[in-house]
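Listed below are the residues making up each chain.
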Amino acid sequence: MASSASIRSEIYDREERKQQYQAHIRGLNAYERHKKFLKDYVRFYGKDKPTEVKLPVKTDHDTLREGYRFIRSEEDDLNPSWEQRLVKRYYDKLFKEYCIANMSRYKTGQMGLRWRTEKEVMSGKGQFMCGSKQCHEIEGLASYEVNFSYHEAGEHKQALVKLVTCERCTGKLYYKRRKDAERSDSKEKKKQKRKRNRSSSEDDTDEEERRKGKKNKSKLEGGETEGKDDENFDEFMEGMFPGKGDN
């Protein structure tokens, strides 16, 4: 039979473990407690081996990425869901006079535009400093109205926005259009050159045919002249030598 001391010690240990467990549970947030309860349930009551239960977690950042629109419509503002309210609260904090551009793919004509944050407005980025994300030039700035064509939520959209860039980034802004124009001019010049070469070749062929015709004609005229000269020579020589009948 167990002594009273051992019984008291066992009860004390059980109560201490219980208090530690409760303190640990109180230190967890609701989601962590939920994960622990599921894990303990599978561990003690599940028939299979203990498995880590991973539930999909949608953060505020994921909600913003999913519901953000470059230009919100009235239908978006009328949506009463908490996701749209969160997106609108973030959208209202942006400053929509000038844009910030990502020109890392300027050679392909692809650029990303977004509105400025409060921190960028206070630093002058995009208005008193070049609007390119990677550029910090403050000299030689110029403001441009850019027809921004983009795909969003499975739709093709367009928006006319303002962008301030330096001279170097302005070249990047119109790089694709300038290259397309140069290629078009080059193709047109090659086309004109081929036309001139073809026309020159045809003229050379016509000239060669005319020369051959003239040469053949001169040969015929030469043959006729030679026959006439022979007849005239016979008439000239006739009478210079007396014939046998004259004696």
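Residues numbered from 1 in each chain as written. Predicted model: local features only at pLDDT ≥ 70, side-chain atom pairs only at ≥ 80, totals over all residues. Heavy atoms only, no water.

Asker: Help me out: how do you make sense of the overall build of the protein in this one?
Answerer: Summing up its helical and strand segments, the protein has eight helices and four strands in all. Put simply, the protein runs from its N terminus to its C terminus through helices and strands in the order α-α-α-α-α-β-β-α-β-β-α-α. Sorting the 247 residues of the protein into buried and exposed places 19% on the buried side. About 20400 Å² of surface is accessible on the protein, with carbon and sulfur atoms providing 50% of the total. (Helix = DSSP H or I, 4+ residues; strand = E, 2+ residues; numbered from the N terminus. Buried < 20%, exposed > 50% of the residue type's maximum accessible area, 1.4 Å probe, protein only. Areas by Shrake-Rupley, 256 points an atom, 1.4 Å probe, with all protein chains shown as cover.)

Asker: When you look at unusual backbone geometry in this model, what are you seeing that I'm missing?
Answerer: Glycine aside, residues mostly have negative phi angles, and peptide bonds mostly take the trans form. Non-glycine residue alanine 153 carries a positive phi angle of around 55°. Checked against the element boundaries, alanine 153 lands in the loop between strand 3 (142-152) and strand 4 (155-165).

Asker: Help me out: how do you make sense of the confidence of the model for the protein in this one?
Answerer: Low pLDDT marks regions whose predicted coordinates should not be analysed in detail. Here the protein averages 80 in pLDDT, and 77% of its residues register 70 or above. Element-level mean pLDDT values for the protein span from 68 in helix 8 (residues 175-237) up to 94 in strand 1 (residues 95-102). (pLDDT = per-residue confidence, 0-100.)

Asker: Can you walk me through helix 2 (residues 30-45) in this structure?
Answerer: Side chains three or four residues apart in an α-helix point the same way, a direct result of the helix having 3.6 residues per turn. Counted at 1.5 Å a residue, the expected span for helix 2 with its 16 residues is 22 Å, and the 22 Å between its end C-alpha atoms agrees. With a side-chain oxygen positioned 3.2 Å from the backbone nitrogen of tyrosine 31, the residue opening helix 2 is asparagine 29. (Expected span 1.5 Å × (residues − 1). Polar contact = N/O pair within 3.5 Å; in protein donor to acceptor, adjacent residues only side chain to side chain.)

Asker: How should I be thinking about the packing of helix 1 (residues 4-26) against helix 2 in this particular structure?
Answerer: The interhelical angle for the contact between helix 1 and helix 2, taken along N-to-C directions, is 135°, at an axis separation of 10 Å. Comparing the axis directions of helix 1 and helix 2 gives the class oblique. Each of Tyr21, His24 and Ile25 in helix 1 lies in contact with helix 2, whose residues at this interface are Arg33, Lys36, Phe37 and Asp40. For the contact of helix 1 with helix 2, a count of residues per class yields three nonpolar, one polar and three charged. (Axes fitted to C-alpha atoms, helices over the stretch in contact; angles between N-to-C directions. Parallel < 35°, antiparallel > 145°, perpendicular 65-115°, else oblique. Contact = heavy atoms within 4.5 Å. Nonpolar A, V, L, I, M, F, W, Y, C, P; charged D, E, K, R; others polar.)

Asker: Just checking my understanding: could you explain the state of the cysteines for this structure?
Answerer: Cysteine pairs can be covalently joined through their sulfur atoms, and such a bond is termed a disulfide. Under the definition given, this model contains zero disulfides. Free cysteine cysteine 169: the closest other cysteine sulfur is in cysteine 130, separated by 3.6 Å. (Disulfide = S-S within 2.5 Å.)

Asker: Explain the pattern of salt bridges to me, please; I cannot follow it from the model alone.
Answerer: Note on pairing: side chains with opposite charge can pair once their charged atoms come close. Using the criterion set out here, one finds nine salt bridges in the structure. Residue lysine 58 is joined to glutamate 66 by a salt bridge in which the shortest nitrogen-to-oxygen separation is 3.0 Å. Take lysine 58: its relative accessible area is 44%, and that puts it in the partly exposed class. Taken together, the salt bridges that share partners define one network made up of Lys176, Asp180 and Arg183. (Salt bridge = Lys/Arg side-chain N within 4 Å of Asp/Glu carboxyl O.)

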